[in-house]
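Report on the structure
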Amino acid sequence: MSWVIIGLSAATMLLMALVLSFVLGWANRAFHVEVDPRVDAVVDALPGANCGGCGYVGCGEYAEAVVLDDEAVNRCTVGGKSCAEALAAVMGVAVAVSYPWRPVVHCGARYSDRLGRSPYLGEQRCGPANLVTDVQGCTYGCLGFGDCTRACNYEAIHIEDGLARVDYEVCVGCGACAKVCPRNIITMAPFKKERMLVVECSNQDAGKDVKSVCKVGCLGCRACERASDMFTVVDNLSTIDYDNYTGENMISGLAATKKCPRNRLVFVGIPSEEDILSVAGEELPDVIEPDFKTSVDDTEWRG
């Protein structure tokens, strides 16, 4: 190979590099899209979990919605209050009262509490099992095959004795478990306090029908309704008015928990130091940590 050929090759490569640099520089100026610097500031303030708990595909899409579409700054369930305050500072707005959203499993029936169960030999997942009749008598209750466990990236929900239970110590409120549950018995709720009172059932059938399929299901007996104005029985199921969830009403709410013949009114969440000290030395019953929603009514959260 002569030096002439080598020189021509080098010159050609240099010329191509100059031409392509010019083209790329022109394209950068011609097709440049201005990005509001606040978008990057919001992205930096978000935790970067990309969990979808805010209702958007990821943190980047939520950041654009906050800046460009005036989306609320308190929708990040993982970041919580501190994140909402950081976004409010970037946007120059006042942050509204924000509560962390956490899942609640609205079923309290373990395997031994479920009647009318039949052997299920199909795929061991809740989705396919939900399409099969007679897996268990209650068509509202937890199937216990762990779709929610597999969907959670934080190991915050587990199946114990056929029942989904939330570990609120590690739960970030991403909502993945609620989205994947085929029976919609896991719902996301705003936790006004670390411990929240919930109805641990989602069966809307009449009391006698509930008794035929479950040993612990809500009977719609209205005992809670008579004890506290926090409760209302709707479609044979006790519901809680969380707008009326105040310290004063909690006194009557506690009374209602003692009136429930099936013990379906329970507290879930992280116990405070006061909670722990108040029961020091007592032998406590094993209660589950649930939330609620029915397989036939996916319209609103009723507690």
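Residues numbered from 1 in each chain as written. Predicted model: local features only at pLDDT ≥ 70, side-chain atom pairs only at ≥ 80, totals over all residues. Heavy atoms only, no water.

**Considering the pattern of salt bridges**
Where we set the bar: When a carboxyl oxygen of Asp or Glu lies within 4 Å of a side-chain nitrogen of Lys or Arg, that pair is called a salt bridge. Summary of the burial criterion: residues with accessible area below 20% of their type's maximum are buried, those above 50% are exposed, and those between are partly exposed, where the area comes from a 1.4 Å probe applied to protein chains only.
The full count for this structure, using the stated rule, is eight salt bridges. A salt bridge links Arg 38 to Asp 36; the shortest N-O distance between them is 2.9 Å. Take Arg 38: its relative accessible area is 32%, and that puts it in the partly exposed class. Here Asp 36 falls in the partly exposed class, since its relative accessible area comes to 23%. Across the pair Arg 75 and Glu 71 runs a salt bridge whose closest N-O atoms are separated by 3.2 Å. Note on Arg 75: relative accessible area 34%, which makes it partly exposed.

**What to know about the pairing of strand β7 (residues 237–240)**
Which entries qualify depends on this criterion: Think of it this way: any DSSP run of H or I at least four residues long counts as a helix, any run of E at least two long counts as a strand, and we number them from the N terminus. Being paired, for any two strands, means DSSP has found at least two bridges between them.
Covered by surrounding structure in β7 are Leu 237 and Thr 239 together with Ser 238 and Ile 240, the residues of both alternating faces. Note: strand β6 (residues 231–234) against β7, four bridges, orientation antiparallel. Paired with Thr 232 across the strands is Thr 239, a residue of β7.

**Examining a nonpolar patch on the surface**
Note the threshold: Patch construction takes residues with relative accessible area above 30% that form no salt bridge. Like charges are linked within 9 Å, and nonpolar side chains (Val, Leu, Ile, Met, Phe, Trp, Tyr) are linked within 5 Å. All accessible areas in this document rest on Shrake-Rupley with a 1.4 Å probe, and a residue is counted as covered only by the protein chains that are shown.
Nonpolar side chains collect at one region of the surface, where Leu 15, Val 19, Phe 22, Val 23, Trp 26 and Phe 31 lie side by side and expose about 670 Å² of accessible area between them. Mapped onto the secondary structure, Val 19 falls in helix α1 (residues 3–30).

**Some points on the confidence of the model for the chain**
As a reminder, the rule being used: Per-residue confidence from the predictor is given as pLDDT, running between 0 and 100. Residues are treated as being in contact if the distance between any of their heavy atoms lies within 4.5 Å.
Residues at a pLDDT of 70 or more form 87% of the chain, whose mean pLDDT is 83. For the chain, helix α11 (residues 273–278) is the element with the lowest average pLDDT, namely 53, and strand β3 (residues 163–166) is the one with the highest, namely 96. With pLDDT under 50 throughout, residues 282–303 is counted as low confidence; its partners more than four residues away or in other chains account for 93 contacts.

**Details of helix α4 (residues 80–91)**
Cut-off, in case you're wondering: To estimate the expected span of a helix, count its residues, drop one, and scale the result by 1.5 Å. As used here, the arc belongs to the directions running from the helix axis to the C-beta atoms.
When the terminal C-alpha atoms of α4 are compared, their 17 Å separation across 12 residues agrees well with the 16 Å that a helix rising 1.5 Å per residue should span. Among all positions of α4, only Gly 80, Cys 83, Ala 84, Leu 87, Ala 88 and Met 91 are buried. An end-on view of α4 places all buried positions within 140° of arc, on one side of the element. Turned more than 90 degrees from where α4 packs its buried face, Lys 81, Ser 82 and Ala 89 sit exposed. Count one or two residues on from α4 and you reach Gly 92, which has phi positive near 70°.

**Observations concerning a negative patch on the surface**
Cut-off, in case you're wondering: Counting rule applied: Lys, Arg positive; Asp, Glu negative; His and chain ends not counted. Here the site of a charge means NZ on Lys, CZ on Arg, CG on Asp, or CD on Glu.
Where like charges cluster on the molecular surface, the negative patch consists of Glu 61, Glu 64, Asp 69 and Asp 70. Within the element layout of this structure, Asp 70 appears in the loop between α3 (59–68) and α4. A relative accessible area of 67% means that Asp 70 is categorised as exposed.

**Here's the deal with the packing of helix α2 (residues 37–45) against α4**
We count it as follows: For helices, the axis comes from a line fit to the C-alpha atoms of the stretch in contact; other axes are also lines fit to C-alpha atoms, and the angle between any two N-to-C directions lies between 0 and 180 degrees. To sort the angles, those under 35 degrees are grouped as roughly parallel, those over 145 as roughly antiparallel, those from 65 to 115 as roughly perpendicular, and the leftovers as oblique. Handedness of a helix crossing follows the sense of rotation of the near helix relative to the far helix, less than a right angle counterclockwise being left-handed and clockwise being right-handed. The nonpolar class holds Ala, Val, Leu, Ile, Met, Phe, Trp, Tyr, Cys and Pro. Asp, Glu, Lys and Arg form the charged class, and all remaining residues, Gly among them, are polar.
Interaxial distance between α2 and α4 falls to 9 Å at its minimum, and their mutual angle equals 165°. The orientation of α2 relative to α4 falls into the category roughly antiparallel. Once α2 is placed against α4, the crossing between them reads as right-handed. The residues of α4 that touch α2, namely those facing Arg 38, Ala 41, Val 42 and Ala 45, are Cys 83, Ala 86, Leu 87, Val 90 and Met 91. Tallied by class, the residues present in the contact of α2 with α4 amount to eight nonpolar, no polar and one charged.

**Let's talk about the layout of surface pockets**
Note the threshold: A 1.4 Å probe that fits but cannot get out identifies a cavity on a 1 Å grid over protein atoms alone, an open set with protein on both sides within 12 Å along at least five of seven lines counts as a pocket, and a residue lines either if it has an atom within 4 Å of a point. Grid points are joined across faces, edges and corners, and a volume is the space filled by probe spheres set on the points.
Its boundaries defined by the atoms lining it, the second largest pocket holds a volume of some 290 Å³. Along its surface, the second largest pocket is lined by 20 residues, and Gly 53, Cys 54, Arg 75, Thr 77 and Trp 101 are the ones closest to its centre. Secondary structure elements with two or more residues in the lining of the second largest pocket: α4 and α7 (176–180). Its residues assigned to classes, the lining of the second largest pocket shows eight nonpolar, nine polar and three charged.

**Thoughts on unusual backbone geometry**
Look at Asp 70: it is not a glycine, yet its phi comes out positive at around 55°. With a phi angle near 65°, Asn 236 is a residue other than glycine that sits in the positive phi range. On the accessibility criterion, Asn 236 (34% relative accessible area) is partly exposed.

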